[in-house]
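Examining the three-dimensional arrangement
Residues per chain are reported as follows:
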Amino acid sequence: MKKILFVCLGNICRSPLAEGIAKDYISQNNLDISVDSAGTSSFHIGENPCPHSIDIAKEKNIDISSLKARQVKKSDFEEFDLIIGLDRSNIANLKIMGCKQPLLLGDFGLDGEDIPDPYFFDGFEGFGKVFDMIETGVINILKSIK
Ligand code: 4NP
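No experiment lies behind these values; they were computed from the predicted model shown.

**Quick notes on the pairing of strand S1 (residues 2-8)**
Where burial is concerned, most of S1 is hidden: 5 out of the 7 residues are buried. Relative to strand S2 (residues 33-39), S1 runs parallel, the two sharing 7 bridges. Among the inter-strand pairings, Lys3 is bridged to a residue of S2, identified as Ser34. In this fold, the crossover linking S1 to S2 by way of helix H1 (residues 14-28) has right-handed handedness. In terms of strand pairing, S1 meets strand S3 (residues 82-85) through 4 bridges, oriented parallel. By the bridge assignment, Leu5 is partnered in S3 with Ile83.

Structure follows, in structure tokens:
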């Protein structure tokens with residue numbers, strides 16, 4: 001079974017969406033792939049996803065409300081087949097932490113774009129675009145490793 005880890009900074013806004021979208025697609029398509037998410041920082045360890053991410057996922061019938069943030073650890077680099085950063089700063093941080101070949105989500109059908117960090121967005125507006133970008137990248141990855 002292939003294992004994929006999605007990584008952002010806090011593991012409360014973007015990578016929990018990637019995890020939730022991937023798990024939903026995997027269960028709908030009966031794929032033999034496991035998925036997790038983590039943050040490069042320790043800022044939000046143990047916290048549930050941010051409310052706007054929970055809400056945008058809920059609009060799409062995906063429940064991420066009980067996910068809990070954790071920090072990337074070195075053993076992840078052995079355990080996971082694919083480690084996917086949501087933006088370039090995540091990739092840079094992963095490399096500093098010792099991850100040899102992190103991949104950028106934006107390289108899967110998003111013209112190499114970074115997924116914008118919505119933590120500092122003013123309100124809910126913008127989360128829809130972030131959701132759609134993450135969904136495109138995640139589904140392209142899952143299709144590519146089927
Ligand atoms: P995420 O968003 O990386 O998508 O989970 C952020 C969450 C928290 C912070 C930054 C980004 N922060 O600075 O605490």
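**Details of the packing of H1 against helix H5 (residues 127-144)**
Packing of H1 against H5 leaves a shortest axis separation of 9 Å and a crossing angle of 50 degrees. Here H1 lies oblique to H5, going by the angle between them. For the crossing formed where H1 meets H5, the hand is right-handed. Facing Arg14, Leu17, Ala18, Ile21, Ala22, Tyr25 and Ile26 of H1, the residues of H5 in contact are Val130, Phe131, Ile134, Glu135, Val138, Ile139, Leu142 and Lys143. Broken down by class, the residue content of the contact of H1 with H5 amounts to 12 nonpolar, no polar and 3 charged.

Calculation rules
Residues numbered from 1 in each chain as written. Predicted model: local features only at pLDDT ≥ 70, side-chain atom pairs only at ≥ 80, totals over all residues. Heavy atoms only, no water. Buried < 20%, exposed > 50% of the residue type's maximum accessible area, 1.4 Å probe, protein only. Helix = DSSP H or I, 4+ residues; strand = E, 2+ residues; numbered from the N terminus. Pairing = 2+ DSSP bridges. Right-handed = clockwise from strand over helix to strand, strands pointing away. Axes fitted to C-alpha atoms, helices over the stretch in contact; angles between N-to-C directions. Parallel < 35°, antiparallel > 145°, perpendicular 65-115°, else oblique. Left-handed = near helix turned anticlockwise from the far one by under 90°. Contact = heavy atoms within 4.5 Å. Nonpolar A, V, L, I, M, F, W, Y, C, P; charged D, E, K, R; others polar.

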